[in-house]
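Secondary and tertiary structure notes
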Amino acid sequence: MQNTIRDFVQREVVINGAIDRVFAAITDPATYPTWGPVKVEGALVPGETPILDFGVSGRVAVHVVAVDSPSYFAYRWAQGQTDPEKLVADPLTLPNTLVEFHLEAFEEGTKVKVVESGLSQLPGLAPEAAAPMEAGWGLMLGALVKALEGGDTGVTDSLETVVLFSAPPSEVFDRLTHPDKWWAEKVEGTMAVDQTVTMDFGQFGMWKIEISGIEEPSYFAYKRLEITGMPLATETVVEFFLEPTATGTQLRQVERGFDQVPEDSRETAFRTAQQGWSIILGLLEHHFAQGG
C-alpha cells in the first residue's frame, strides 16, 4: 500500500502571559519581527490577502480567514509551493492549507495550539514532508515564547543561538562547511581562509562570503560580503563554535557587527537574522534527526 501524507500537523506551547497579550503578538504585524515574519505587507483582516515576509525563507501571501479576539486566528496559504511568483499569488487560486491558532487561558498563562490542515490535498507532497512542517511550527512557537517571556529583546551588536545536535562535531562541521549537502543548491569556491565562496540557495537568495577562520571540527567563521534575494545584513561576521557533548554536539552560532549597519535598516537586519538563524539551524537539526 502506498504511503500517504497525514492531513494535518499540530504543535502547542504554554506561554506565561495573558491571553490578550499573546493574541496581540500573533495578530499585530508590529510584533511579528520579534518572533515570525520580519514584516507584513497588507492588513491582517478577514478577506484580505497580505504578504508575510519571512526574510531568509522568502515571501508568502496568506488569505485571512478569521480574527476572533482573543481565542482564534486563521488563514490559508499555498503550502508546498517553491515558485516565488506563486508564493505571493492569491492562495485561494492554488492548492492550499488552513493554518489555525487556538488560544486558551490557564492559571499559568495561555496555551497556544497551531494546527495546519489539508496536507493530504496538496499534489505531489511526499509523506515525509509533514515532519519538517511540524518542526517548523515548533520553531515559530518557540520564538513566540522567547519573544514574550525573554525579557529584553533590544537590538544589539551581536546575536547568539545555541543548538544541540545528535551528531558528533565532525559531522556538524562537515555540514556547515558543505551546505550543499543539506540546504544550498550549489557552492562555488573553496572553504579555506581568505577565500571567497558563493552559496546559491535558490529562491532564498545567493550569499557571497569570505572565509575568516576554519579549525576542524571546532570553529568556522566568515564575513558576509553580498546577499541577493533577502533583506539580511552584509559585512557582519558569522562564527560557529562546536563542542562535543555526551549525546552529540553543542553548536554556538554568533553573528556580530550590527552596529555597523545603517541605523535606518539596523533593526530590520537584526530581526531578519534572528529569525533566519532559528530557521536555518532548525533545518540542520531536522537534517540530522532524519539521519542526514
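Residues numbered from 1 in each chain as written. Predicted model: local features only at pLDDT ≥ 70, side-chain atom pairs only at ≥ 80, totals over all residues. Heavy atoms only, no water.

Leftover empty space is mapped by rolling, across the atoms, a probe with the size of a water molecule. Tallying each qualifying case throughout the model produces three cavities of 30 Å³ or more. The volume enclosed by the largest cavity comes to roughly 140 Å³. Contributing to the lining of the largest cavity are 15 residues, with Leu176, Pro179, Trp182, Tyr222 and Phe240 lying nearest its centre. If you list the elements that add at least two residues to the lining of the largest cavity, you get α4 (169-177), β11 (206-215), β12 (219-228) and α5 (263-289). When its residues are assigned to classes, the lining of the largest cavity shows 14 nonpolar, no polar and one charged. (1 Å grid on protein atoms, 1.4 Å probe; cavity = no way out; pocket = protein on both sides within 12 Å on 5 of 7 lines; lining within 4 Å. Points joined across faces, edges and corners; volume = space filled by probe spheres on them. Helix = DSSP H or I, 4+ residues; strand = E, 2+ residues; numbered from the N terminus. Nonpolar A, V, L, I, M, F, W, Y, C, P; charged D, E, K, R; others polar.)

In this section: the sheet that holds strand β1 (residues 8-15). Judged by pairing direction, the sheet is antiparallel, and its seven strands sit side by side in the order β1-β7-β6-β5-β4-β3-β2 without closing on themselves. Every interior strand has two partners, whereas the edge strands, β1 and β2 (39-41), have only one. For this sheet, the mean inter-axis angle between neighbouring strands, taken without regard to orientation, is 25°. Of the pairings in the sheet, the one linking β2 to strand β3 (residues 51-53) comprises three bridges and is antiparallel in character. For Lys39, the partnering residue across the bridge sits in β3 and is Asp53. Each of β1, β5 (72-77), β6 (97-106) and β7 (109-117) is contacted by helix α3 (residues 130-149), which is oriented at about 15° to β1, the strand it contacts most. (Pairing = 2+ DSSP bridges. Axes fitted to C-alpha atoms, helices over the stretch in contact; angles between N-to-C directions. Contact = heavy atoms within 4.5 Å.)

Turning to the confidence of the model for the chain, a few remarks are in order. Summing up the model confidence of the chain, the mean pLDDT is 87 and the portion of residues at 70 or higher is 92%. Of all helices and strands in the chain, the one with the weakest mean pLDDT is α5 (78), whereas β5 scores best (98). (pLDDT = per-residue confidence, 0-100.)

Before going further, it helps to examine the nonpolar core. Grouped together as the largest cluster of nonpolar side chains are 40 residues, with contacts concentrated most on Ile26, Leu52, Phe73, Tyr75, Phe101, Val112 and Trp137. Sorting the residues of this core by element identifies β1, α1 (19-27), β4 (59-68), β5, β6, β7 and α3 as the ones contributing at least two each. Top contributing element to this core by residue count: α3, with ten residues. Leave out the neighbours within four places in its chain, and Trp137 touches Val9, Arg11, Tyr75, Trp77, Val99, Phe101, Val114 and Glu116. Of all hydrophobic cores here, the second largest spans 34 residues; its members include Val172, Ile211, Phe240 and Val261. (Core = buried A, V, L, I, M, F, W, Y, C linked by side-chain atoms within 4.5 Å. Buried < 20%, exposed > 50% of the residue type's maximum accessible area, 1.4 Å probe, protein only.)

Before going further, it helps to spend a moment on the packing of aromatic side chains. With the rule as written, the count across this model stands at 21 aromatic pairs. Relative to Phe240, the ring of Tyr222 has its centre 6.2 Å away and its plane inclined at 45°; by these criteria the two rings are tilted. Highlighted residues: Tyr222 in strand β12 and Phe240 in strand β13 (residues 237-244), separated in sequence by 18 residues. Using a relative accessible area of 5% as the deciding quantity, one classes Tyr222 as buried. Here the aromatic cluster, defined as three or more aromatic residues joined through ring pairs, consists of Phe173, Trp182, Trp183, Phe201, Trp207, Phe220, Tyr222, Phe240 and Trp277. The ring of Trp207 carries Arg224 above its face, with NZ or CZ at 4.8 Å from the centroid. Above the face of the Phe241 ring, Arg252 is positioned so that its terminal group lies 4.3 Å from the ring centre. (Phe/Tyr/Trp six-rings, centres within 6.5 Å; stacked < 30°, edge-to-face > 60°. Lys NZ or Arg CZ within 6 Å of the ring centre and 35° of its normal.)

Within the secondary structure, His102 sits in strand β6. Separated by 62 residues in the primary sequence, His102 and Val40 place their C-alpha atoms 21 Å from one another. The contacts of His102, once residues within four sequence positions are left out, are Ser71, Tyr72, Lys111, Val112, Lys113 and Val115.

The subject of this paragraph is the pattern of salt bridges. Per the counting criterion, the structure on display carries eleven salt bridges. Between Arg224 and Glu255 there is a salt bridge, with the nearest N and O atoms lying 2.5 Å from each other. Of this pair, Arg224 sits in strand β12 while Glu255 sits in strand β14 (residues 249-256); the two residues are 31 residues apart in sequence, bridging distant segments of the chain. Residue Glu255 is classed as buried on the basis of its relative accessible area, which comes to 0%. Within this structure, Asp174, Arg175 and Lys181 form a network of salt bridges that share partners. (Salt bridge = Lys/Arg side-chain N within 4 Å of Asp/Glu carboxyl O.)

With an omega of 0°, the peptide bond between Ser69 and Pro70 qualifies as cis. By the element assignment, Pro70 lies in the loop between β4 and β5. Although it is not a glycine, Asp194 sits at a positive phi angle of roughly 75°. Within the fold, Asp194 resides in the loop between β9 (186-188) and β10 (196-200).

In this model α3 runs 29 Å from its N-terminal to its C-terminal C-alpha over 20 residues, within 8% of the 28 Å that 1.5 Å per residue would give. Among all positions of α3, only Ala130, Met133, Glu134, Trp137, Met140, Leu141, Ala143, Leu144, Val145, Ala147 and Leu148 are buried. At its buried positions, α3 is contacted by β1, α1, β5, β6, β7 and α5. (Expected span 1.5 Å × (residues − 1).)

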